[in-house]
Amino acid sequence: MTKALPVTLSLLLAAVLLSTLPTTADAQWRWRDKTGQINASDRPPPRDEPDKDILSRPASVDARRTGAAGGGGPPPPGPPGVSAGPPGGARGLLNKT
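All figures in this text were calculated on a predicted structure; none of them were measured in a lab.

A.B. asks: Kindly report on the pairing of strand β1 (residues 29-32), identifying the contributing residues and their values.
C.D. replies: Here β1 shows a buried face lined by W29 and W31 and an unburied face lined by R30 and R32. Direction of pairing for β1 relative to strand β2 (residues 38-41): antiparallel, over a ladder of four bridges. Paired with R32 across the strands is I38, a residue of β2. Hairpin connection of β1 to β2: five residues between the antiparallel strands, including G36 at a positive phi of 95 degrees. Bridging between β1 and strand β3 (residues 54-56) involves two bridges; their strand directions are antiparallel. Across the sheet, the residue bridging to R30 is S56, located in β3.

Next up, the structure:
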């Protein structure tokens, strides 16, 4: 019975790790080419395809395009009237003696 526990844990760990792998449907591009035919691939369409003809992108590409993945852009603005810095600003903190 002592050997059954490590085997069970190993199988459980393997199942959890395998469930986190992306599926082939996760990375699908769909676009309409110049002749009107709809194409699907795991690779992006040719660069000369207009953006309006790209019907779907992988989720990771959409997140980068919209900034949802925490890309390199500036943070979104806060609500009106709320300062992004500490109360009194950095200058107020430095002048206190």
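Still more ground to cover, so stick around.
A.B. asks: Describe the pattern of salt bridges, and please don't skip the residues or the numbers.
C.D. replies: Within this structure, the stated rule accounts for three salt bridges. Note that R57 and D51 form a salt bridge whose closest N and O atoms lie 2.2 Å from each other. For K52, the salt bridge is made with D53, and the minimal N-O distance between the two is 3.3 Å. With a relative accessible area of 14%, D53 lands in the buried category.

A.B. asks: So what's going on with the sheet that holds β2? Which residues, and what values?
C.D. replies: Within the open sheet, the three strands sit side by side as β2-β1-β3. Their pairing is antiparallel. Each end of this open sheet is capped by a strand with a single partner; those strands are β2 and β3. When strand polarity is set aside, the average angle formed by the axes of neighbouring strands in this sheet is 25 degrees.

About the thresholds
Residues numbered from 1 in each chain as written. Predicted model: local features only at pLDDT ≥ 70, side-chain atom pairs only at ≥ 80, totals over all residues. Heavy atoms only, no water. Buried < 20%, exposed > 50% of the residue type's maximum accessible area, 1.4 Å probe, protein only. Helix = DSSP H or I, 4+ residues; strand = E, 2+ residues; numbered from the N terminus. Pairing = 2+ DSSP bridges. Salt bridge = Lys/Arg side-chain N within 4 Å of Asp/Glu carboxyl O. Axes fitted to C-alpha atoms, helices over the stretch in contact; angles between N-to-C directions.

It is worth stressing that arrangement in space is one thing and function is another; only the former is reported here.
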